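# Architecture at a glance
Residue strings, one per chain:
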Amino acid sequence: MINVIDLPGNERARDFSNCGGPCFNLGGRDGRFLETVMDRAAEAGALDRMRIRMSLETTRRSGLSAHNAIAVIPGSERPDETIIINAHADAWFDGAGDNGDGLAVLVGLARHFATEADPPRRTLVFVASAGHHSPGMNGPRNFVAMNPTFAESAVLALNIEHVAQRNLSPARSVADDGYREFVADAGEAPIVAGVSNEAPFLENLFRRGVERYGTNFVSGPSTMASGEGGGYRSLEVAIVTTMQAPPLYHTSGEVPEVISVPGLERMARFLAFFLKQVDVAPWEQLNP
Ligand SMILES: [Zn+2]
């Protein structure tokens, strides 16, 4: 089966691999070429004689390992209560949007809270997790298993994932061969905010975040926690996830140029605000 990934250019794509048999993803421009050839063959009454010859070279690697990176800022008043802040550090292709941008925001937050004059009350545990894109591995689940003291004292887990990819819209002009390209505009693609326990206090922080920082959260509430956030489910506390899934998600088009620098700043500022509010909130408000 040939999937035509109808995206700008000739992106390679990770998804759409479970078609039930040998499955080949073709980029948008190559796909257009193939469809044009098939149309011409049909017009000439020769479609039944059309053949495609394809070959694929693969290598299999085994015995690989992966590591989580962890940084801790001890709390000034309630050091035995933790807030976990996670961003996965692995990727398909260049991974600027999944999850270079989320990881950059995590590092920025760690730097901010480590140097702030007014230190956090609760202990902040930053996790750059490994294994999100590798079957059989899950960084958060390993973090929980290997760091029971930090994990069991968590009041909330925040997963920062895909947060500042620019929005794409169809280009107004059409290329010579009729193929319509996309353009990245100045703003960010929509961001889903998942609050697993629907805590009104946390939902309200997202509403205020849009007003204060201009983050492009979609308006509807969601209880979504991605595979990465789901690794913290055994803690039975609120899991908060920020996540985009724009058109170039999981493709070779996720390069630094499609990341909005102001969008990174909007998200970092919003999450600094969010964490400060969470830090001083009583347990009952975070986990009603
Ligand atoms: Zn991701």
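To be clear, the structure that these remarks concern was listed above.
The structure contained in this document is the topic of the report that follows. (Residues numbered from 1 in each chain as written. Predicted model: local features only at pLDDT ≥ 70, side-chain atom pairs only at ≥ 80, totals over all residues. Heavy atoms only, no water.)

## Regarding the side chain of Ser 252
Tracing the backbone through its elements, the reader meets Ser 252 in the loop between strand E10 (238-243) and helix H7 (261-280). There is a polar contact of 2.8 Å between the side chain of Ser 252 and the backbone nitrogen of Arg 12. The contact partners of Ser 252, leaving out residues within four places of it in the chain, are Glu 11, Arg 12 and Phe 93. (Helix = DSSP H or I, 4+ residues; strand = E, 2+ residues; numbered from the N terminus. Polar contact = N/O pair within 3.5 Å; in protein donor to acceptor, adjacent residues only side chain to side chain. Contact = heavy atoms within 4.5 Å.)

## Some thoughts on helix H5 (residues 200-213)
When the terminal C-alpha atoms of H5 are compared, their 20 Å separation across 14 residues agrees well with the 20 Å that a helix rising 1.5 Å per residue should span. Along H5, the positions that sit buried rather than exposed are Leu 202, Glu 203, Leu 205, Phe 206 and Gly 209. The arc enclosing the buried residues of H5, seen along the axis, measures out at 150°, which places them on a common side. Facing away from the buried surface of H5 by more than 90 degrees, the exposed residues are Pro 200, Arg 207, Glu 211 and Arg 212. Looking at the buried residues of H5, the elements they touch are strand E6 (154-161), strand E9 (192-195), E10, H7 and helix H8 (283-286). (Expected span 1.5 Å × (residues − 1). Buried < 20%, exposed > 50% of the residue type's maximum accessible area, 1.4 Å probe, protein only. Arc of directions from axis to C-beta.)

## Quick look at the coordination of the zinc ion
Coordination of the zinc ion by the protein is provided by His 88 (NE2), Asp 98 (OD), Glu 161 (OE) and His 162 (NE2), with metal-donor distances spanning 2.0 to 2.5 Å. Here the zinc ion is ringed by 4 donor atoms whose angles at the metal span 83 to 176°, and the overall shape comes out irregular. For the zinc ion, the donor residues sit on a single chain with the sequence spacing H-x9-D-x62-E-H. Taken as a pair, His 88 in strand E4 (residues 78-88) and His 162 in the loop between E6 and strand E7 (166-170) lie far apart in primary sequence, 74 residues in all. Look at His 88 and you get buried, because its relative accessible area is 0%. Judged by its relative accessible area of 1%, His 162 falls in the buried class. (Donors = N, O, S within 2.8 Å, 3.2 Å for Na, K, Ca; no water. Tetrahedral: all angles 85-135°; square planar, octahedral: opposite > 155°, others 65-115°.)

## Structural notes on the sheet that holds E4
With mixed pairing, the 6 strands of this open sheet are ordered in space as E3-E5-E4-E6-E10-E9. The open sheet is flanked by strand E3 (69-73) and E9, the only strands paired with a single partner. Going across the sheet, the axis of each strand differs from the next one's by a mean of 15°, ignoring polarity. Two strands pair when backbone bridges link them, and E9 and E10 are joined in this way by 4 bridges, in the antiparallel orientation. Across the sheet, residue Val 192 finds its bridge partner in E10, namely Met 243. On top of the sheet, helix H2 (residues 96-115) reaches E3, E4, strand E5 (122-129) and E6; it is set at about 155° to E4, its chief contact. (Pairing = 2+ DSSP bridges. Axes fitted to C-alpha atoms, helices over the stretch in contact; angles between N-to-C directions.)

## Describing the pattern of salt bridges
Inspection of every chain in the model, using the stated rule, returns 7 salt bridges. With a shortest N-O distance of 3.7 Å, Arg 121 and Glu 77 are connected by a salt bridge. Pair noted here: Arg 121 is in the loop between H2 and E5 and Glu 77 is in the loop between E3 and E4, with a separation of 44 residues, a long-range link. A residue is classified by how much of its surface remains accessible, and Glu 77, at 56% relative accessible area, is exposed. One salt bridge in this structure joins Arg 269 and Glu 265, with 3.0 Å as the shortest N-O distance. In this pair, Arg 269 and Glu 265 both sit in helix H7, 4 residues apart, roughly one turn of the helix. Beyond isolated ion pairs, a larger network of salt bridges with shared partners links Glu 77, Asp 118 and Arg 121. (Salt bridge = Lys/Arg side-chain N within 4 Å of Asp/Glu carboxyl O.)

## Comments concerning the layout of surface pockets
Estimates place the volume of the largest pocket at around 1,200 Å³. If one sorts the elements of the lining of the largest pocket by residue count, strand E2 (residues 24-26) sits on top with 3 residues. Taken together, the residues that form the lining of the largest pocket break down as 10 nonpolar, 9 polar and 7 charged. (1 Å grid on protein atoms, 1.4 Å probe; cavity = no way out; pocket = protein on both sides within 12 Å on 5 of 7 lines; lining within 4 Å. Points joined across faces, edges and corners; volume = space filled by probe spheres on them. Nonpolar A, V, L, I, M, F, W, Y, C, P; charged D, E, K, R; others polar.)

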